[in-house]
Amino acid sequence: MQVTAAFAVGKNVPFDFREVRLEAPRPDEVLVEIVASGICHTDLSAKDELLGLPLPMVLGHEGSGVVRAVGSQVRHVAPGDHVVLSGDSCGACRKCQTGLTSYCDAFVERNLTGLRGDGTTPMTLDGEAARGRFCGQSSFASHAVVAAQSAIKVPKALPLELLGPLGCGLITGVGTVMNALKPRPGTRIAVFGVGTVGLAAVMGAVLSGCEQIIAVDPNTERLALARDLGATDCLAAGADVAQEIVARTSGGCDYAVECSGSVEAIQAALACLGRPGWVAQVGAPPVGTSIDLDIGAVGYGRGIRGVVLGEANPQTFVPYLASLYGDGRLPFDRFVRFYDFADLDRAVADAARGEVVKPIIRM
Ligand SMILES: [Zn+2]
Ligand SMILES: [Zn+2]
């Protein structure tokens, strides 16, 4: 079928909207009519050629939509179902078999090449193979053919155009707290960088019963949002923020989530910990970044570890997040702004300037 897709072609070049041909779904695939797609920081970095990914490619990886056709082996969704799309995974490796799909052995091939795991693509442009499977979906398009495991059924009672960010930004922030850190009720947690992922981490901390939730960001509007969503302390990022956190928590945090990727924030996240204390590193500094680490500072019960996509199994965690939203316990609609698909460039520019926390384009 003929569909419309927006190709990222390079830094500072507008998206190229093209008519492309999309194959019918294979036996283990699903055709989805995209209703809306969130824009995530990873889309911006990929378009600006900071990730070394091949372009042109159709980006977008927070899609939501309606199933229009399913392959013969697909059982968990049917035409007409509402779905949120998430990344692809092989289902066969040791990590996938234990539900840790974000550490799938085939993660790179299946999510970052814009191709299926076997190197083919469901999309052709002017008769040539086109990269139309970014993060398992390429949702900056009117339709997508995705692997069955990328399509997650969500209730029809919820506003479908809002739900795409559950598949990346929300799963990452909430999942990092609830699945990776697993804070005990009554503990203290600091969140560095309160964009979508950090705000989701704040909400995850509230849901986990953390007693003190400290948000750190240079942007005062975002700190106000964090307070609205349950942060107990909001601090401007700065040189002595770690000392301030230690003072406010009488001895340091039990946990920190670092979402900004800045070296100063990573160091502050380590320095604000009590003992024991863990930093979950979620922000992605440029490849090759290193930090000075006094091993004495992380000895005696402290540590830092990277966390990918909230260490969640999307097939179970996305419906859980959707039900939390339905119950009013995950009010992420407070920080989204909708744009038309045709205004994708404006939405990306607004996100890059920090003017909007979570842009969502509507097809
Ligand atoms: Zn993302
Ligand atoms: Zn796998």
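Residues numbered from 1 in each chain as written. Chains lettered and ligands numbered in written order. Predicted model: local features only at pLDDT ≥ 70, side-chain atom pairs only at ≥ 80, totals over all residues.

Running from N to C, helix α4 (residues 169-181) and helix α10 (residues 314-326) cross one another at 90 degrees; their axes reach a closest spacing of 10 Å. When the axes of α4 and α10 are compared, the pair comes out roughly perpendicular. Residue-level contacts link Leu-170, Ile-171, Val-174 and Gly-175 of α4 to Pro-314, Phe-317, Val-318 and Leu-321 of α10. Looking at the contact of α4 with α10 residue by residue, the classes come out as seven nonpolar, one polar and no charged. (Axes fitted to C-alpha atoms, helices over the stretch in contact; angles between N-to-C directions. Helix = DSSP H or I, 4+ residues; strand = E, 2+ residues; numbered from the N terminus. Parallel < 35°, antiparallel > 145°, perpendicular 65-115°, else oblique. Contact = placed C-beta atoms within 7 Å. Nonpolar A, V, L, I, M, F, W, Y, C, P; charged D, E, K, R; others polar.)

It is worth spelling out the domain arrangement of the protein at this point. Here the protein is partitioned into domain 1 (2-167 + 331-362) and domain 2 (173-308). Residues of the side of domain 1 that touches domain 2, tallied by class, amount to five nonpolar, two polar and two charged. (Domains from an automatic or database assignment.)

We now examine the packing of α4 against helix α5 (residues 196-207). Close contact between α4 and α5 brings their axes to 7 Å; oriented N to C, the two are set at 40 degrees. One finds that α4 runs oblique with respect to α5. The chirality of how α4 crosses α5 is right-handed. Across the interface between the two elements, Gly-169, Leu-170, Thr-172, Gly-173, Val-174, Thr-176, Val-177 and Met-178 of α4 pack against Thr-196, Val-197, Gly-198, Leu-199, Ala-200, Ala-201, Met-203, Gly-204, Ala-205 and Leu-207 of α5. Considered class by class, the residues forming the contact of α4 with α5 number eleven nonpolar, seven polar and no charged. (Left-handed = near helix turned anticlockwise from the far one by under 90°.)

With that settled, consider the sheet that holds strand β11 (residues 188-192). Taking strand neighbours across the sheet as the criterion, the six strands line up as β13-β12-β11-β14-β15-β16 in an open arrangement whose pairing is parallel. Because the sheet does not close on itself, it has two edges, and the strands there are β13 (233-236) and β16 (302-306). When strand polarity is set aside, the average angle formed by the axes of neighbouring strands in this sheet is 15 degrees. One ladder, built from five bridges, connects β11 with strand β12 (residues 212-217); its direction is parallel. Paired with Ile-189 across the strands is Ile-213, a residue of β12. (Pairing = 2+ DSSP bridges.)

We now examine α10. Look at α10: 17 Å from first C-alpha to last across 13 residues, which is about the 18 Å you get at 1.5 Å a residue. Residues of α10 that are buried include every one of Pro-314, Phe-317, Val-318, Leu-321, Ala-322 and Tyr-325, and no others. In an axial view of α10, the angular spread of the buried residues amounts to 140 degrees, which keeps them on one side of the axis. Tucked into the core, α10 has its buried residues touching β6 (82-85), β10 (151-153) and α4. Immediately downstream of α10, the backbone of Gly-328 shows phi near 80 degrees, a positive value. (Expected span 1.5 Å × (residues − 1). Buried ≥ 20, exposed ≤ 12 C-beta atoms within 10 Å, placed from the backbone. Arc of directions from axis to C-beta.)

Secondary-structure assignment places Met-1 in the segment before β1 (2-8). Sequence separation of Met-1 and Arg-133 is 132 residues, and the distance between their C-alpha atoms is 16 Å.

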